[in-house]
Amino acid sequence: MREIRFDRFGGPEVLSLIPDAPMPEPGPDEVLVEVAFVGLNPLDYKIRDGSSGMSRDLQLPAGTGREMAGTVIGAGAGLDEAELGSRGLSVGTRVFGMRAPGDPRGVAAEVIAIGADDLAPIPGEISDEDLPRWAGLALAGLTAIAVIDDSAAIAPGQTVLVHGGSGGVGQLLIPMAIEAGASQVWATGRADNAERIRELGAVPIPYDTGNWQEEIHRLTDGRGVDVVLDTHYHSTFVPSLDHVTEGGLVVTLPTLADLTPAHERGVEATVPRIKPGRDRLDRLVQGIRAGRYLLEVSQVLPLDEIARAHSLLEDGHTRGKLVLAAQS
Ligand SMILES: NC(=O)c1ccc[n+]([C@@H]2O[C@H](COP(=O)([O-])OP(=O)(O)OC[C@H]3O[C@@H](n4cnc5c(N)ncnc54)[C@H](OP(=O)(O)O)[C@@H]3O)[C@@H](O)[C@H]2O)c1
């Protein structure tokens, strides 16, 4: 089977397609999945270039990719037919999910073995044409839930500013903040993405054609917002500290973000931590089914264009999700 691997840390060129990789053997509590599509995330290139905390103990050569959608084709010894059925993961079922945070194996391959707890079934009414979106849902979705529920614990009536409202996580943060009862959600992004941000339910604040700081100052009469959800960090984190209310909170996403500038100024700031779990995957299913989570796939590339996909990802302006088709 075909699989993407890299044998040293570096740029996108270290990624190569292995045409005859061995088929994986599922562990006792694992399911064998024929992968249809792979969702890409900034974490993928951070692991590949060696800058992620996850790169530290990674054995090379290694696989790449953390989330996917596909079809169950087998299972390990601990999962008989009845057990698989009770979890809704019988052979032939379409599933989506992501590697558990501590599992270093990739998913960019034609077949993977993955923990049964890290998967959920895709509802039968979903058409195969929609599978790319499901491939990109688990990591962005579990992150958004961790941000909204665990880190920010958004309360009804709070005001929220999202930085990067049309990115992979941003497209889920906006509807989830609204669901949690936010009275007003503003979101920064390029002017080209303003319409998309509006469709998601937020008021867009273009950062490339105007000054977002002046705009949020004006819109809040200088009071600032209760919660900043910062998916960008680099040029947004420190300036955001001037635009939170007294007692407000900044949640910034990159795991290695330096929170010192906030703490020095007495502003509460935190980085979310994904909590995997079937209950949270099922919640994402409900949100998609109800039409509340309009996560968009901007591009689907073939598996052998993984290096180009990583370059696009590194540009930092992905709209919704970038996805790879795993089968040739
Ligand atoms: N802590 C965790 O567990 C966790 C989990 C998932 C992701 N993350 C991290 O979260 C970050 C975002 O992930 P993602 O998947 O959403 O990335 P993404 O899909 O690549 O989106 C990046 C977003 O950043 C926006 N952006 C770029 N420059 C900006 C600027 N100057 N001001 C405001 N927005 C700007 C882009 O919007 P425009 O195109 O409009 O510029 C785009 O919407 C990454 O660093 C990722 O590693 C952390």
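Residues numbered from 1 in each chain as written. Predicted model: local features only at pLDDT ≥ 70, side-chain atom pairs only at ≥ 80, totals over all residues. Heavy atoms only, no water.

Requested: an account of the packing of aromatic side chains, with residues and values cited.
To describe a pair of aromatic rings, you give the distance between the ring centres and the angle between the ring planes. Applying the stated criterion across every chain, the model contains 3 aromatic pairs. A ring pair is formed by Phe-6 and Phe-9, whose centres lie 6.2 Å apart and whose planes are at 55°; its orientation type is tilted. Look at Phe-6 and you get buried, because its relative accessible area is 1%. Considering the side-chain rings of Phe-96 and Trp-134, the 5.3 Å spacing of their centres and the 75° angle between planes classify their relative orientation as edge-to-face. Here Phe-96 is found in strand β6 (residues 94-98), whereas its partner Trp-134 is found in helix α3 (residues 131-135), with 38 residues between them in sequence. We note that Phe-96, like Trp-134, is buried. The cationic tip of Arg-292 hangs over the ring face of Tyr-293; the distance from NZ or CZ to the ring centre is 5.7 Å. (Phe/Tyr/Trp six-rings, centres within 6.5 Å; stacked < 30°, edge-to-face > 60°. Buried < 20%, exposed > 50% of the residue type's maximum accessible area, 1.4 Å probe, protein only. Helix = DSSP H or I, 4+ residues; strand = E, 2+ residues; numbered from the N terminus. Lys NZ or Arg CZ within 6 Å of the ring centre and 35° of its normal.)

So what about the domain arrangement of the chain? Which residues, and what values?
Taken domain by domain, the chain holds domain 1 (3-137 + 295-325) and domain 2 (142-270). Its C-alpha centre places domain 1 at a distance of 29 Å from the equivalent point of domain 2. The tally of links between domain 1 and domain 2 comes to 1 salt bridge. Our count for the contact surface shared by domain 1 and domain 2 stands at 5 residue pairs in polar contact (both at pLDDT 80 or more). (Domains from an automatic or database assignment. Salt bridge = Lys/Arg side-chain N within 4 Å of Asp/Glu carboxyl O. Polar contact = N/O pair within 3.5 Å; in protein donor to acceptor, adjacent residues only side chain to side chain.)

Any details on the sheet that holds strand β4 (residues 62-63)? Residues and values, ideally.
Read from one edge to the other, the open sheet built from 3 strands follows the order β2-β1-β4, with strand pairing classed as antiparallel. Two strands in the sheet have a free side with no partner beyond their single neighbour: β2 (15-18) and β4. Relative to β4, strand β1 (residues 3-6) is paired through 2 bridges, and the arrangement is antiparallel. The residue of β4 that forms the bridge with Phe-6 is Ala-62. (Pairing = 2+ DSSP bridges.)

Describe the site of the ligand, with residues and values.
Around the ligand lies a shell of 27 residues, among which Lys-46, Arg-190, Tyr-207, Leu-253 and His-317 are the nearest. Leu-253 places a main-chain nitrogen or oxygen 2.9 Å from a nitrogen atom of the ligand. In isolation the ligand offers 930 Å² of accessible surface; the protein chains occlude 91% of this area. If you list the elements that add at least two residues to the shell around the ligand, you get α1 (42-49), α4 (138-151) and β10 (184-189). Here the residues of the shell around the ligand are counted per class, giving 8 nonpolar, 17 polar and 2 charged. (Near = heavy atom within 4 Å. Areas by Shrake-Rupley, 256 points an atom, 1.4 Å probe, with all protein chains shown as cover. Nonpolar A, V, L, I, M, F, W, Y, C, P; charged D, E, K, R; others polar.)

Quick rundown of the environment of Thr-231? Include the residues and the values.
Along the chain, the position of Thr-231 falls in the loop between β12 (225-230) and α8 (237-240). Measuring from C-alpha to C-alpha, the distance between Thr-231 and Gly-170 comes to 6.9 Å, with 61 residues separating the pair along the chain. For Thr-231, the residues in contact, after removing those within four places along its chain, are His-163, Gly-164, Gly-170, Leu-173 and Leu-253. (Contact = heavy atoms within 4.5 Å.)

Lay out α1 with the relevant residues and their values.
Of the residues making up α1, those classed as buried are Asp-44, Tyr-45, Ile-47 and Arg-48. Down the axis, α1 shows its buried residues gathered within 155° of arc, on one side only. On its buried face, α1 sits against β1, β2, β3 (30-39) and α11 (306-314). In the segment just after α1, Gly-50 is the residue with positive phi, at about 90°. (Arc of directions from axis to C-beta.)

Before we move on, can you summarise the pattern of salt bridges with the specific residues and values?
Applying the stated rule across the entire model yields 25 salt bridges. Salt-bridge contacts for Arg-289 lead to Glu-125; the nearest nitrogen and oxygen are separated by 2.8 Å. Of this pair, Arg-289 sits in helix α10 (residues 278-289) while Glu-125 sits in the loop between β8 (119-121) and α3, and the two are 164 residues apart along the sequence. Overall, the relative accessible area of 51% leaves Glu-125 in the exposed class. The salt bridge involving Asp-149 is made with Arg-283; its shortest N-O contact spans 2.7 Å. Taken together, the positions of Asp-149 in helix α4 and Arg-283 in helix α10 put the pair 134 residues apart, joining distant regions of the chain. When its relative accessible area of 26% is taken as the criterion, Arg-283 is described as partly exposed. Within this structure, Glu-30, Arg-99, Asp-103 and Arg-105 form a network of salt bridges that share partners.

How would you sum up the UniProt feature "domain: Enoyl reductase (ER)" (unreviewed entry) in the chain? Please name residues and give values.
In the UniProt entry, the feature "domain: Enoyl reductase (ER)" (unreviewed entry) is given for residues 10-324. As annotated, residues 10-324 comprises 28% helix and 26% strand, and the C-alpha atoms at either end are separated by 20 Å. (UniProt positions renumbered as here; feature names shortened; annotations may be inferred.)

How would you sum up the side chain of Glu-30? Please name residues and give values.
For Glu-30, the position within the fold is in strand β3. Here Gly-27 takes part through its backbone nitrogen, which lies 2.9 Å from a polar atom of the side chain of Glu-30. Non-local contacts of Glu-30, meaning those with residues more than four positions away in its chain, are made with Glu-25, Ala-75, Gly-76, Leu-79, Arg-105, Ala-113, Ile-114, Gly-115 and Ala-116.

Help me get a handle on α11, residues and values and all.
What sets the pattern is the α-helix's 3.6 residues per turn: residues three or four places apart point alike. The set of residues buried in α11 consists of Ile-306, Ala-309, His-310 and Leu-313. Each buried residue of α11 lies within a common arc of 100° when the element is viewed along its axis, so the set occupies one face. Buried positions along α11 lie against β1, β2, α1, β15 (297-302) and β16 (321-325). At the C-terminal side of α11, Gly-316 shows a positive phi close to 80°.

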